[in-house]
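# Geometric and topological summary
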Amino acid sequence: MNLFKTMLAATALAGMASPMAIAPAQAAPAAQAGRPNIIVVIVDDMGFSDLGAFGSEIRTPNLDALATKGVRFSNFHATPVCAPTRAELLTGVDHHQTGIGNFPELIQDNQAGRPGYEGYLNNRVVTIAERLRDAGYKTIHSGKWHLGYDPAANPAARGFERSFSMLGGGHNHFGTDKDRKRPDMPNVGLVYTLDGKAVSIPDQFYSTDYFTDRLIDFLPEAGDKRPFFGYLALTAPHYPLHALPEDIKRYAGKYDAGYDVLREQRLARLKSLNLIAPNVEAHAPTSPDRWAALPDDVKKVEARKMEVYAAMVDRVDQNIGRLMAALKKRGLDENTVVMFLSDNGPEGHELDKSFIIPEAGKAMLASADNRLESIGSAQSYVWYGPNWAEAASAPFRKYKSFPTEGGTRVTAFISYPAHLRGGIESSYVSVRDVVPTLLDYAGVQADLAHYKGKDVIAPQGISFAARIAPGAKAEVLPPVFAAGEMFGRRYVRRGNWKAVHIPPPTGSGRWQLFDMDKDPGEVHDLSRDNRELLADLVKSWNVYAAEKGVVPPIIPGN
C-alpha cells in the first residue's frame, strides 16, 4: 500500500490524475492470459442515470447485462464536452495539449495559433489505436470523430486500419443534411470518410444502425488471428432528437407525469442500486420552470421530446445487442473487453439561447417542422432542455458544458468476462485512465514518452486494471489532483475538496468550494469558511493551466 501511495503522490499536479494505480512490478492482468480484443463504445450526451443498470426506466437489457456482469463506475469523470473527452479518451493526455483545447469550430481569436488549439489532433500525442496497431492489433473505428477535419488527423492517419467516420460534431440522424457542400454551422458534421477518403451516405440511413453496421463489417475475417481494437462512437442521443417510429411508440405516454417526477424516481432507483449514498443531498433543479406550472400544450411537447430521447437510448441498446451477437457468432465474445461511457453529462443547453452562436440555433429551429406530431422525425430539430437533463444528472449539479459533477460525472462501465471482480467501483476515475488500463490488458509495455523517434506527451492517467481485478479490495480513493477548463469554466480538485469557477453570464464569477465526500451534489459552498484552502487550490489550478497551456476564451460560456 505504501508503494501505491508513493505512485499517487507522483501524479500530483500532472493534470486530471486518478488514484487507479498499478505497480510497475505487477504483471498486467491480461498479459498472463493472452491478449483480449478491446471495444470502446462512447455515446453522445447520455445522462448518468439513462441506463437501466444506472436507475433508468428506459429499456436497455443488452447494456444492463454487460454492466451488471462487469464493473460499474459511479464516479467516472469525462470532460464537460464531447471533442475534448474524445481527445483524452484516445490519448490519455489533457485535451489542452492534444490540439483540442477548444471545440474545433469554436476556437476564439486569442486561442487561434496557440499550441494545443490547432483544432485537430496534433502530432504531440499518440492514439491508443496507433499503439495497439503497432503491437499487432487490427484497429477499427466507426462513428463520430470530432477531432478535426485535417487529413493528418483523420482516423486513417491516426492508427485505424479501417474506419468509417463522421468528422464533425453532429448531424441529422436520418442523414437528410448530407448534401450540404461543407460544414457551415458549428457542430454540424457533414463530412464522412471511409478509410480517409470522403464518401457519401445512403438515402436509407439512421446513425446508430449505420455506424454499428460498419463496425461489424470491419470485424476480423475468418482466419485473421489478430486481436482487434474497435472504437464505436455513436452520435445518439445528441440533439437533434430523432428516432424511428417503432421505438418512439414504445414510450408513448411514459413521460406524461413530467421531469420533476422522473427526477425523483431516478434518484430513488440510484439509491436502491447503491450508486449514490442513501443520504445524498441532491442539487435543486436550476431551471425555474416546474412541471406543474406548465400549460397542457407545453407539457405535451415536453413529454414527446423525452419519448424520442428514450427511443434513441433504446436504439443504442439494440445495436449493442447486435454487436455482441456478431462477436458471439465469431467466437470472440468471451475474450473481449468492452468499455462503455458517455462523453459528458446530458445536454441541457438550449442552442437558440447560446452566448456564442444563438443565430445558428435559431436558424435550425426556424428551418424545421417542430409540430407535436413531427417531433422525432427527420424534418424536426429539437433538444430536450435543462429540466429533462437535470432529471438524468441528479443528484449532481447542472449538465453538459459545466465543470460541475452533472457535467463531468458520466455513466460508464467495463465488461471483461472472468477478469473482473464485479460490482461498483466508486473511486474517482478519469477518462484519461482508460488508455493506460487498456494498454495493460493488451500487455503493451512501450516507451510512452517517445514514438517513432520523436518526443511525445505520455498518457497522464493511471491504469485501474489492478483495482478491478478478481479479488481486488474495493477501497474508495479520491483523486490526488484533478483540474480542467472548458469555455472559461474551471475546476480543480484535491482529495475530497473541489473548487469550481463559472464566469458570468452562467455563473457568479467567483470560486466556490465543496466537500465532495459530504456534498457530491455541490449544494453547500464552503469557500467563505476555508479561504486559505481555496487560495491554495486556485494556486494549483494556475500551475496546472500554465503547464498544460490553457488559454481561457475571451468570451466565456457556450
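Residues numbered from 1 in each chain as written. Predicted model: local features only at pLDDT ≥ 70, side-chain atom pairs only at ≥ 80, totals over all residues. Heavy atoms only, no water.

Note on placement: Ser-142 falls in strand β4 (residues 138-144). Those residues in contact with Ser-142 that sit more than four places away from it in its chain are Phe-164, Phe-211, Arg-214, Leu-215, Tyr-231, Leu-232 and Ala-233. (Helix = DSSP H or I, 4+ residues; strand = E, 2+ residues; numbered from the N terminus. Contact = heavy atoms within 4.5 Å.)

Before going further, it helps to examine the sheet that holds strand β2 (residues 71-73). Across the sheet, which stays open at both edges, the ten strands sit in the order β7-β6-β5-β4-β8-β1-β9-β10-β2-β11 with mixed pairing between neighbours. On the outer flanks of this sheet lie β7 (197-199) and β11 (423-425), each paired with one strand and no other. Averaged over all adjacent pairs, the angle separating strand axes in this sheet is 20°, with direction ignored. Of the pairings in the sheet, the one linking strand β9 (residues 336-342) to strand β10 (residues 412-415) comprises four bridges and is antiparallel in character. Along β10, the bridge assignment pairs Leu-341 with Ala-412. Relative to strand β1 (residues 37-43), helix α3 (residues 82-91) is tilted by about 170°, and along the sheet it contacts β1, β4, β8 (228-233) and β9. (Pairing = 2+ DSSP bridges. Axes fitted to C-alpha atoms, helices over the stretch in contact; angles between N-to-C directions.)

Counted at 1.5 Å a residue, the expected span for helix α5 (residues 207-218) with its twelve residues is 16 Å, and the 17 Å between its end C-alpha atoms agrees. The element α5 is extensively covered by neighbouring structure, given that ten of its twelve residues are classed as buried. Every buried residue of α5 is listed here: Ser-207, Thr-208, Asp-209, Tyr-210, Phe-211, Thr-212, Arg-214, Leu-215, Ile-216 and Phe-218. For α5, the secondary structure elements touched by its buried residues are β4, β5 (162-166), β6 (192-194), β8 and α8 (296-329). (Expected span 1.5 Å × (residues − 1). Buried < 20%, exposed > 50% of the residue type's maximum accessible area, 1.4 Å probe, protein only.)

Another aspect to go through is the pairing of β9. The buried count for β9 comes to seven of seven residues, which makes it a mostly enclosed element. The alternating pattern of β9 places Thr-336, Val-338, Phe-340 and Ser-342 and Val-337, Met-339 and Leu-341 on opposite faces, both of which are buried. Summarising the sheet, β1 and β9 pair through seven bridges and their orientation is parallel. From the neighbouring strand, Ile-39 faces β9, where its bridge partner is Val-338.

A few words now on the environment of Gly-461. Within the secondary structure, Gly-461 sits in the loop between β14 (454-455) and β15 (482-486). With relative accessibility at 14%, the residue Gly-461 sits in the buried group. The sequence separation of Gly-461 and Val-431 amounts to 30 residues, and the corresponding C-alpha distance is 7.9 Å.

This model, assessed by the stated rule, comprises 28 aromatic pairs. For the pair Phe-164 and Tyr-192, a centre-to-centre distance of 6.0 Å together with 20° between the ring planes defines the contact as stacked. Linking Phe-164 in strand β5 with Tyr-192 in strand β6, this pair joins segments that are 28 residues apart in sequence. Since its relative accessible area comes to 2%, Phe-164 is described here as buried. Judged by relative accessible area, Tyr-192 falls into the buried class, the value being 3%. The ring centre of Phe-402 lies 4.4 Å from the NZ or CZ of Lys-398, which sits over that ring. The ring of Tyr-491 is capped by Lys-498, whose NZ or CZ atom sits 5.7 Å from the centre of that ring. (Phe/Tyr/Trp six-rings, centres within 6.5 Å; stacked < 30°, edge-to-face > 60°. Lys NZ or Arg CZ within 6 Å of the ring centre and 35° of its normal.)

Right, let's talk about the pairing of β8 for a bit. Counted residue by residue, β8 has six buried out of six residues, so it is predominantly covered. Taking every second residue as pointing to the same face, both faces of β8 are buried, with Phe-228, Gly-230 and Leu-232 on one and Phe-229, Tyr-231 and Ala-233 on the other. Two elements, β1 and β8, share five bridges in a ladder whose sense is parallel. Residue Ile-39 lies in a different strand from β8, and its bridge partner there is Gly-230. Here β4 runs beside β8; their pairing, made up of six bridges, is parallel. Note that in β8 the partner of Lys-138 across the bridge is Phe-228.

On to the sheet that holds strand β16 (residues 489-494), then. Pairing is antiparallel across the open sheet formed by four strands, whose spatial order is β15-β16-β17-β18. The open sheet has two free edges, formed respectively by β15 and β18 (511-515), since each of these has just one partner strand. Each neighbouring strand pair of the sheet contributes to a mean axis angle of 15°, computed without reference to strand direction. Across five bridges, the pairing between strand β17 (residues 497-501) and β18 is antiparallel. Bridge pairing in β18 links His-501 to Trp-511. Those strands touched by helix α13 (residues 531-548) are β15, β16, β17 and β18, and its axis lies near 115° from that of β16.

Two side chains that carry opposite charge are able to pair once their charged atoms sit near each other. Here the structure, examined in full by the defined rule, presents 35 salt bridges. A salt bridge links Arg-133 to Asp-134, with the nearest nitrogen and oxygen atoms 3.2 Å apart. By relative accessible area, which is 30% here, Arg-133 ends up partly exposed. Counted as one network, the salt bridges with shared partners bring together Arg-59, Asp-209, Glu-246, Asp-247, Arg-250, Asp-314 and Arg-315. (Salt bridge = Lys/Arg side-chain N within 4 Å of Asp/Glu carboxyl O.)

Domains assigned within the protein are domain 1 (39-470) and domain 2 (480-553). A straight line from the C-alpha centre of domain 1 to that of domain 2 covers 25 Å. At the interface, 34 residues of domain 1 touch 30 residues of domain 2. For the pair domain 1 and domain 2, the summed buried area comes to about 2600 Å², and 57% of that belongs to carbon and sulfur atoms. Joining domain 1 to domain 2, the criterion identifies one salt bridge. Between Lys-498 and Glu-405 there is a salt bridge whose closest N-O contact spans 2.7 Å. The tally of links between domain 1 and domain 2 comes to 13 residue pairs in polar contact (both at pLDDT 80 or more). (Domains from an automatic or database assignment. Buried area = accessible area lost by both parts, 1.4 Å probe. Polar contact = N/O pair within 3.5 Å; in protein donor to acceptor, adjacent residues only side chain to side chain.)

Residue placement: Asn-37 occurs in strand β1. With relative accessibility at 6%, the residue Asn-37 sits in the buried group. At a separation of 3.3 Å, a polar atom in the side chain of Asn-37 contacts the side chain of Thr-336.

Here the focus is unusual backbone geometry. A cis geometry characterises the amide bond from Ala-236 onward to Pro-237, with omega recorded as -5°. As for its position among the elements, Pro-237 is in the loop between β8 and α6 (245-249). In this structure, Pro-240 follows Tyr-239 across a cis peptide bond, with omega equal to 0°. Residue position: Pro-240 is located in the loop between β8 and α6. At His-146, a position not held by glycine, the phi torsion is positive, near 60°. The residue His-146 is located in the loop between β4 and β5 in this model. Owing to a relative accessible area of 1%, His-146 belongs among the buried residues under this scheme.

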